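Spelled out, the chains give:
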Amino acid sequence: MDDIAVGAETERAVHEEAVEFGGLRAVRAPLTWGQQVIYRALQSRAQRAHYDYNQRMSLPVPEGCSLREVIDAVRELVTAHESLRTVYRDGTADSAPYQEVQGEGRLTVRVLHGDDPAAALDALAVTDFDLSREWGIRVAVLTGPGGEPRRVALYVSHVAVDGWAMGLVVRRLKALLADAAAVRAKAAPGQAVPVPVPVPAPPVPQPADLAQTERSEIGRTADRRADAYQRSLLRRAPRTMFPASPSTPPTTATTTATATATATATGPAGTAGPQGWAHGEFRSGRLEVAAREVAGRCRAGEETVYLAAVGTLLARRAGLSHCVLKTIFANRIGAERQAMVTPLASDVLLCFDVSGPSFDDCVRAAHLAKLRGYARAQYDPARLERLVAEVGRERGEQLDLSVLHNDLGALAPPAEDGGRPARGSAAVETSFRWAEPFRLPSVKLYCSVRTTDRGERVIALAADTRYLPAPDLRGLLYGVEELVVNGAGGGPGERRGEARDRDVDERLSAHVS
């Protein structure tokens, strides 16, 4: 077969392994509510290059595992989780999209010489999934000079998994490989390696089962409760967080002439991404320490402090007393849901008062809004879309719910050892950098919060610069630090002129769970 380029240095495909499946459950079902959210987002994005929703991960192969044992582990993984062998069909004028779990089929695994998992993942992701014909998982095995497997790379459709479910997939594959390595290690020299006893997957509902539950009386009751909450919120929420008229984006004729002048305001020159969008990332040890102080005093999570700060500053910028936004909730309450390999996350509407005399009041208001919203987080997203239009007609105005918040740490399963990265300290310098911009459908401002392996908290904003110009985006992030530090009883926020000297123009990858 043709060589497959997977990086700057040429790496060659040894061959492809065909993994056959048969005799498994085959069923047709509606999309789950979580699948609907992702499926609709994939259909509505303007260009694939703007954002790749899919999940990618690589993991090491234990020493001593053979390629055949790796392939067998992949087979067992896909057998156990129906979301990994499902195709999705578009609806018609009279029917909604649906899923088909396939009981038989073939998965092709690429076997590559090399030791660059990032390049292998790029090769797997070079084309979109054709979800109407292709299962939502692609696999590559990287081998060493002697042909021994070194790493497994997984590229999985977001319709099949969310960030939490991807963690479950990786854990299970890691356990299967570890079991195979342990069996081989126990075999005497020259003795045939015994066939390991398959490790049964936990008996949890599959996505097709969940889709039926959501359409049962249990699901309808949850949706009615969510409807009442959402309807009340929409009737009192601000119409938009961007009441000022949007600025006109530059025309093609003026873009080149202004590119040099605006490069320092919108990002590093030559950065790829959609025109008219900016993306900045912010780190601050002072902010982390202050957020912990405020969170402890308000009996709220640190992530709520960051959400409250961004919402408060947005509302003040717009001259509003309340902030309205959407936040992503994992919907993983209970052991059964925590073990399901399927996207369960939903957008939760929040509206909270930011007019209190202290920042603590804003944090407490945001915390209460989150608790109420999370309790109503299981709902039909198509029904919510109709509700937004209905309440907009009642109010005589189009409602704009285009601010999205995403706490990435809350969307990942706990570490296997139950631990988390060590918290950052005040020694982490305040810094800002421009990252590669991207655009999300129906979103004007996207805020994400993640924690690095070193325990540093990173707050990122990606914005349509017609509504939040790049200088304002950068100023908003420094404003978050000032607001939280002052709220914790610290000194005044760092003067922006001093911070500007530490700006770094650097392209960073972006990710949504």
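Being a predicted model, the structure only gives us computed values, none of them experimental.

Reading the values: the criteria
Residues numbered from 1 in each chain as written. Predicted model: local features only at pLDDT ≥ 70, side-chain atom pairs only at ≥ 80, totals over all residues. Heavy atoms only, no water. Helix = DSSP H or I, 4+ residues; strand = E, 2+ residues; numbered from the N terminus. Buried < 20%, exposed > 50% of the residue type's maximum accessible area, 1.4 Å probe, protein only. Contact = heavy atoms within 4.5 Å. Areas by Shrake-Rupley, 256 points an atom, 1.4 Å probe, with all protein chains shown as cover. Core = buried A, V, L, I, M, F, W, Y, C linked by side-chain atoms within 4.5 Å. Pairing = 2+ DSSP bridges. Axes fitted to C-alpha atoms, helices over the stretch in contact; angles between N-to-C directions. Polar contact = N/O pair within 3.5 Å; in protein donor to acceptor, adjacent residues only side chain to side chain. Right-handed = clockwise from strand over helix to strand, strands pointing away. Phe/Tyr/Trp six-rings, centres within 6.5 Å; stacked < 30°, edge-to-face > 60°. Expected span 1.5 Å × (residues − 1). Salt bridge = Lys/Arg side-chain N within 4 Å of Asp/Glu carboxyl O. Disulfide = S-S within 2.5 Å. pLDDT = per-residue confidence, 0-100. Nonpolar A, V, L, I, M, F, W, Y, C, P; charged D, E, K, R; others polar.

A. Region of interest: the overall build of the protein chain. Looking only at helices and strands, the protein chain has 14 helices and 16 strands in total. In the protein chain, which comprises 513 residues, the proportion classed as buried is 50%. Of all intrachain contacts in the protein chain linking residues separated by at least 6 positions in sequence, the fraction that spans at least 24 positions is 80%. Total accessible area on the protein chain stands at roughly 23400 Å², and carbon and sulfur atoms take up 51% of it.

B. Spatial organisation of the nonpolar core. L234, F359, L473 and V484 are the most contacted members of the largest nonpolar core, which totals 68 residues. Dropping the residues within four chain positions of it, L473 is found in contact with A278, G280, F432, W434, L461, A463 and L468. Core analysis: the second largest hydrophobic core is formed by 67 residues, A120, L121, L176 and L411 among them.

C. Quick look at the sheet that holds strand β5 (residues 98-101). Across the sheet, which stays open at both edges, the 3 strands sit in the order β2-β5-β4 with antiparallel pairing between neighbours. Both edges of this open sheet fall to β2 (27-30) and β4 (86-89), since each of them pairs with a single strand only. If you compare each strand with its neighbour and ignore which way they point, the axes differ by 25 degrees on average. Pairing of β4 with β5, which is carried by 4 bridges, proceeds in the antiparallel orientation.

D. Local environment of the side chain of N54. Looking at where N54 falls in the secondary structure, it is placed in the loop between α1 (33-44) and β3 (55-60). Relative accessible area serves as the criterion here: at 6%, N54 is assigned to the buried category. Among the polar contacts listed, one links the side chain of N54 to the backbone nitrogen of H158, at a separation of 3.0 Å.

E. Spotlight on the pairing of strand β6 (residues 105-113). Inspection of the sheet shows β6 paired to strand β7 (residues 137-143) by 5 bridges, in the parallel sense. Bridge pairing in β7 places V111 opposite V141. A crossover connection joins β6 to the parallel β7 through helix α3 (residues 117-124); in handedness this β-α-β unit is right-handed.

F. Spotlight on the packing of aromatic side chains. Under the criterion given, the structure shown has 9 aromatic pairs. With a centroid separation of 5.4 Å and an interplanar angle of 65 degrees, the aromatic rings of F21 and W135 are classed as edge-to-face. Placement of the pair is F21 in strand β1 (residues 13-21) and W135 in the loop between α3 and β7, with a sequence separation of 114 residues. Here F21 matches W135 in class, with each residue buried. For the ring pair F432 and Y478, a centre distance of 6.4 Å and an interplane angle of 40 degrees mean the geometry is tilted. Here the residue F432 occupies a position in strand β13 (residues 431-434), and Y478 occupies one in helix α13 (residues 470-487), the gap between them amounting to 46 residues. Given the relative accessible area of 2%, Y478 is considered buried.

G. Broad picture of α1. The terminal C-alpha atoms of α1 lie 17 Å apart, and with 12 residues this matches the ideal 16 Å at 1.5 Å per residue to within 8%. Every buried residue belonging to α1 is among W33, G34, Q35, Q36, I38, Y39, A41 and L42, and all of these are buried. Structurally, α1 contributes buried residues whose contacts are with β2, β4, β5, α5 (207-214), α6 (217-236) and α12 (381-395).

H. Looking closely at the pattern of salt bridges. Taken as a whole and judged by the stated rule, the model has 33 salt bridges. R106 is the partner of E20 in a salt bridge, and the nearest nitrogen-oxygen pair spans 2.7 Å. Of the two residues, E20 sits in strand β1 while R106 sits in strand β6, which places them 86 residues apart along the sequence. In this structure E20 comes out as partly exposed when scored by relative accessible area, which is 41%. It is possible to trace a salt-bridge network through shared partners that takes in D223, D227, R231, R383 and E390.

I. Representation of the side chain of T304 within the structure. Mapped onto the fold, T304 is located in helix α9 (residues 302-318). The contacts of T304, once residues within four sequence positions are left out, are V363, A366, H367 and K370.

J. View of the state of the cysteines. Taken as a whole and judged by the stated rule, the model has 0 disulfides. Here C298 is not cross-linked by a disulfide; its sulfur's nearest cysteine counterpart is in C362, at 9.6 Å. By relative accessible area, C362 is classed as buried at 0%.

K. The arrangement of the environment of V363 in detail. The topology assignment puts V363 in helix α11 (residues 359-374). For the pair V363 and D353, spaced 10 residues apart in the sequence, the C-alpha separation amounts to 9.4 Å.

L. Examining the confidence of the model for the protein chain more closely. Of all residues in the protein chain, 81% attain a pLDDT of 70 or more, and the chain-wide mean is 85. The secondary structure element of the protein chain with the lowest average pLDDT is helix α7 (residues 252-266), at 33, and the one with the highest is α6, at 98. Below pLDDT 50 for its whole length, residues 1-11 participates in 18 contacts with residues either more than four positions away or in separate chains. For the stretch residues 491-513, pLDDT sits under 50, and the model shows 66 contacts to residues farther than four places along the chain or on other chains.

M. Highlighting the packing of α1 against α12. It is at 9 Å that the axes of α1 and α12 come closest, and there the two elements cross at 65 degrees. Contact with α1, carried on its side by W33, Q36, V37 and R40, involves P381, A382 and E385 of α12 and no other residues of that element. The residue makeup of the contact of α1 with α12, split by class, is 4 nonpolar, 1 polar and 2 charged.

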